[in-house]
Amino acid sequence: MKKVVKFGGSSLANANQFKKVADIIHEDNTRRYVVPSAPGKRFADDIKVTDMLYSCYGKAIRGIKYSDLLAAIHDRYNDIIKGLGLSLSLEDEFKKIQENFEKQAGRDYAASRGEYLNGIILAAYLDFEFIDAAEIIRFDETGVFEAGFSNDLIEKRLHKTKRAVIPGFYGAKEDGTVVTFSRGGSDISGALVALAVKADVYENWTDVSGFLIADPRIVKNPQSIETITYKELRELSYMGASVLHEEAIFPVRKEGIPINIRNTNKPDDPGTLIVGNTCRRPKFTITGIAGHEGFASITIEKALMNSEVGFCRKVLQIFEDNNVSIEHMPSGIDTMTILVHKDEFQDHEQMILSSIHKAVHPDHIELESDLALIAIVGRGMRSTRGTAGRIFSALAHAHINVKMIDQGSSELNIIIGVRHADFKNAIRAIYEIFVDTVL
């Protein structure tokens, strides 16, 4: 059995956290490949090492003195090394970093050094082999990730390596130029390693005991999710649930490798298991609730719209031409509504509206800009009658008006639109009707 384990920044913020990580790894000898993030915050007002590196490099390329900040980063790592009782020096590594900063090696290079240095320390502490991610995760010359090539490189490199630490978040082009994934990309790195070694489980260790049914900043002490499918997770991640980078799902989903979200500070908690399919019945009808604010809607009205061939295509082409992505598109016989991110739409608003008038000659266009979208997701909804009715009943009871409804054909989710002012109360009302009333 093989497990790939990824540890987030909060799990590796200081020496005490490193010790917890080592205990977790040594407790189970199937945890063979470890993917670390850069050190996160040690306390509420602390600064993540990645942010310090971005700031440091920014000063370097502007010709501003940055030696004090680089020294502070060095001290962060030295504190960890000292706390672990290691006889390890990073002097040469920091000299190399300073040289590359002077050569303006790039923001991606600067940011990647957080994971790189943490990987060196963790490998030394665990007595595992250290493998630089730049050797095995490849991007092409334009900076696009090369999945197939990377998979071959990782598989070949780890085939004869029983235990290794591979830093997350970055890889490199053929010429060695470092390229990073988007923020939080260590989750992706872990998934790529899990795919290449055909892991039985991909464990993702963080500072929470898995996914919660709702945002704890909105709902007090929400219940945790025991098991969730990739499809459900995709829906929730898209709408803001942020325990796991949403792109980390795709590599392991391909091979049916389950992901287990675990808590480094509470290692006995089972966490949340993310799977392709399951016959396990969910504890509640819904699996989770997530939402986003900051949407705008454009409702187009025209008599006999349904009989006008190409109407929708012409409208959608306008949004594409203005580089504005469409989030949802509920429609009626003589109306269609386009939901977009307000920030994207505002810059092109008048151009889009003018183009719609010219292209399809609508009878009326109505704009709304204070919308929030909420996704209610759950495989249990397919086999439960009256789910939508309960949602609308809960919202009506809370005096909340529903502005938009969109249900996917998979019957896995229902998305509703409400005003910004009703966003949090709507989530609380839905949680109460599906969870609190069952407990």
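Per chain, residue numbering runs from 1 following the sequence as it is written. Since the coordinates come from a predicted model, pLDDT governs what is reported: local features require at least 70, and pairs of side-chain atoms require 80 or more to be given and counted, while whole-chain, interface and lining totals use all residues. Note that the side-chain values use all heavy atoms of the structure and ignore hydrogens as well as water.

## As for the overall build of the chain
No. 1: Along the chain, the regular secondary structure elements total 14 helices and 16 strands.
No. 2: Atoms considered for the radius of gyration are the C-alpha atoms alone. The globule rule reads 2.2 Å times the number of residues to the power 0.38. Compactness check: the chain gives a C-alpha radius of gyration of 24 Å against a globular reference of 22 Å for 439 residues, within 12% of the reference.
No. 3: Along the first, second and third principal axes, the C-alpha set of the chain runs to 75 × 55 × 40 Å.
No. 4: Note on exposure labels: buried denotes an accessible area under 20% of the residue type's maximum, exposed denotes more than 50%, and partly exposed covers the range between, all computed with a 1.4 Å probe on protein chains only. Taking all 439 residues of the chain together, the buried fraction comes to 51%.
No. 5: In the chain, the share of contacts with a sequence separation of at least 24, taken over all contacts with a separation of at least 6, comes to 74%.
No. 6: The Shrake-Rupley method, run with a 1.4 Å probe, gives the accessible areas here. Residue values count only the displayed protein chains as cover. Surface summary for the chain: the accessible area is close to 20,700 Å², and the carbon and sulfur share equals 47%.
No. 7: His is not counted here, nor are the chain ends, while Lys and Arg score as positive and Asp and Glu score as negative. Charged groups are reduced to one reference atom each: NZ for lysine, CZ for arginine, CG for aspartic acid, CD for glutamic acid. Once the 53 positive and 60 negative side-chain charges of the chain are each reduced to a mean point, those two points are 4 Å apart. In DSSP terms, a helix is any run of H or I states spanning at least four residues, a strand is any run of E spanning at least two, and both are numbered starting from the N terminus. Should any heavy atoms of two residues lie within 4.5 Å, those residues are considered in contact.

## Description of helix 2 (residues 49-61)
No. 1: Compared with an ideal rise of 1.5 Å per residue, which puts 13 residues at 18 Å, helix 2 spans 18 Å between its outermost C-alpha atoms and is within 8% of the ideal.
No. 2: By the burial criterion, the buried members of helix 2 are Val-49, Thr-50, Met-52, Leu-53, Tyr-54, Cys-56, Tyr-57, Gly-58 and Ala-60.
No. 3: On its buried face, helix 2 is in contact with helix 3 (67-84), helix 4 (91-102) and helix 5 (107-126).
No. 4: Just downstream of helix 2 lies Gly-63, where phi reads positive at about 75°. Here a helix's expected span is defined as the number of its residues, less one, multiplied by 1.5 Å.

## Points about a negative patch on the surface
No. 1: Together, Glu-301, Asp-334, Asp-363 and Glu-366 give the surface a local cluster of negative charge.
No. 2: Tracing the backbone shows Asp-363 in the loop between helix 12 (349-360) and strand 14 (364-377).
No. 3: Using a relative accessible area of 56% as the deciding quantity, one classes Asp-363 as exposed. Each patch is built from residues that are more than 30% exposed by relative accessible area and take part in no salt bridge. Like charges join if they lie within 9 Å; nonpolar side chains (Val, Leu, Ile, Met, Phe, Trp, Tyr) join within 5 Å. Criterion for a salt bridge: a side-chain nitrogen of Lys or Arg within 4 Å of a carboxyl oxygen of Asp or Glu.

## Focus: the sheet that holds strand 16 (residues 413-419)
Whether parallel or antiparallel, the strands of a sheet pair through hydrogen bonds between backbone atoms.
No. 1: Paired strands, in this sense, are two strands between which DSSP finds at least two bridges. Ordered in space as 12-13-11-14-16-15, the 6 strands form an open sheet in which the pairing is antiparallel. Each edge of the open sheet is held by one strand with a lone partner, namely strand 12 (326-328) and strand 15 (404-407). Across the sheet, the mean angle from the axis of one strand to that of its neighbour is 40°, orientation sign disregarded.
No. 2: Pairing between strand 12 and strand 13 (residues 335-341): 2 bridges, direction antiparallel. Among the inter-strand pairings, Ile-326 is bridged to a residue of strand 13, identified as Val-340.
No. 3: Simply put, an axis is a line fit to the C-alpha atoms, just over the touching stretch for a helix, and the angle between two N-to-C directions goes from 0 to 180 degrees. Packed onto the sheet, helix 10 (residues 311-321) meets strand 11 (288-301), strand 12 and strand 13 and runs at close to 20° relative to strand 13.

## With respect to the packing of aromatic side chains
No. 1: Aromatic rings from Phe, Tyr and Trp, taking only the six-membered ring of Trp, are treated as a pair when their centres fall within 6.5 Å; an angle between ring planes under 30 degrees marks them as stacked, one over 60 as edge-to-face, and anything in between as tilted. Counting across every chain of the model gives 9 aromatic pairs.
No. 2: When the ring of Phe-101 is compared with that of Tyr-109, the centres are 6.4 Å apart and the planes differ by 80°; the resulting orientation is edge-to-face.
No. 3: Among the residues examined, Phe-101 registers a relative accessible area of 0% and is labelled buried.
No. 4: Directly above the aromatic system of Tyr-170 lies the positively charged group of Arg-113, at a separation of 5.4 Å from the ring centroid. Lysine NZ or arginine CZ positioned within 6 Å of the ring centre and within 35 degrees of the ring normal marks a charge as sitting over the ring.

## Observations regarding the sheet that holds strand 10 (residues 272-275)
No. 1: Reading across from one edge, 3-4-2-1-7-9-10-8 is the order of the 8 strands in this open sheet, with mixed pairing throughout. Only two strands of the sheet have a single partner each, and these edge strands are strand 3 (129-130) and strand 8 (227-229).
No. 2: In terms of strand pairing, strand 2 (residues 31-36) meets strand 4 (residues 164-165) through 2 bridges, oriented parallel. The partner of Val-34 across the bridge, within strand 4, is Val-165.

## Observations concerning the nonpolar core
Considering soluble globular proteins, one finds that nonpolar side chains tend to be buried as a cluster.
No. 1: Among buried residues, the Ala, Val, Leu, Ile, Met, Phe, Trp, Tyr and Cys ones that are joined through side-chain atoms within 4.5 Å form a nonpolar core. Core analysis: the largest hydrophobic core is formed by 116 residues, its most contacted members being Phe-101 and Ile-374.
No. 2: When residues of this core are assigned to their parent elements, the largest contribution, 9 residues, is made by helix 5.
No. 3: Apart from the residues within four sequence positions on either side, Phe-101 is in contact with Leu-53, Cys-56, Tyr-57, Ala-60, Tyr-66, Leu-70, Tyr-109 and Ala-110.
No. 4: One finds Met-305, Ile-318, Ile-352 and Ile-365 within the second-largest nonpolar core, a separate group that totals 18 residues.

## Describing the packing of helix 1 (residues 15-27) against helix 3
No. 1: One way to put it is that helix 1 packs onto helix 3 with a least axis distance of 8 Å and a crossing angle of 55°. In terms of orientation, helix 1 and helix 3 fall into the oblique class. Crossing handedness for the pair helix 1 and helix 3: right-handed. Mapping the contact onto sequence places Ala-15, Phe-18 and Lys-19 in helix 1 and Asp-79, Ile-80, Gly-83 and Leu-84 in helix 3.
No. 2: Of the residues contributing to the contact of helix 1 with helix 3, the split by class is 4 nonpolar, 1 polar and 2 charged. Angles below 35 degrees are treated as roughly parallel, those above 145 as roughly antiparallel, those between 65 and 115 as roughly perpendicular, and all remaining angles as oblique. For a crossing to be left-handed, the near helix must be turned anticlockwise from the far one by less than a right angle; the clockwise case is right-handed. Residues are grouped as follows: nonpolar covers Ala, Val, Leu, Ile, Met, Phe, Trp, Tyr, Cys and Pro; charged covers Asp, Glu, Lys and Arg; every other residue, Gly included, is treated as polar.

## Focus: the environment of Ile-326
No. 1: Mapping Ile-326 onto the fold places it in strand 12.
No. 2: Residue Ile-326 is classed as partly exposed on the basis of its relative accessible area of 30%.
No. 3: Ile-326 sits 196 residues away from Phe-130 along the chain, and the two C-alpha atoms are 43 Å apart.
No. 4: Not counting chain neighbours up to four residues away, the residues in contact with Ile-326 comprise Leu-316, Phe-319, Ile-338, Leu-339 and Val-340.

## Quick notes on the side chain of Thr-227
No. 1: Here Thr-227 lies in strand 8.
No. 2: Using a relative accessible area of 8% as the deciding quantity, one classes Thr-227 as buried.
No. 3: Leave out the neighbours within four places in its chain, and Thr-227 touches Leu-273, Val-275, Thr-278, Arg-280 and Arg-379.

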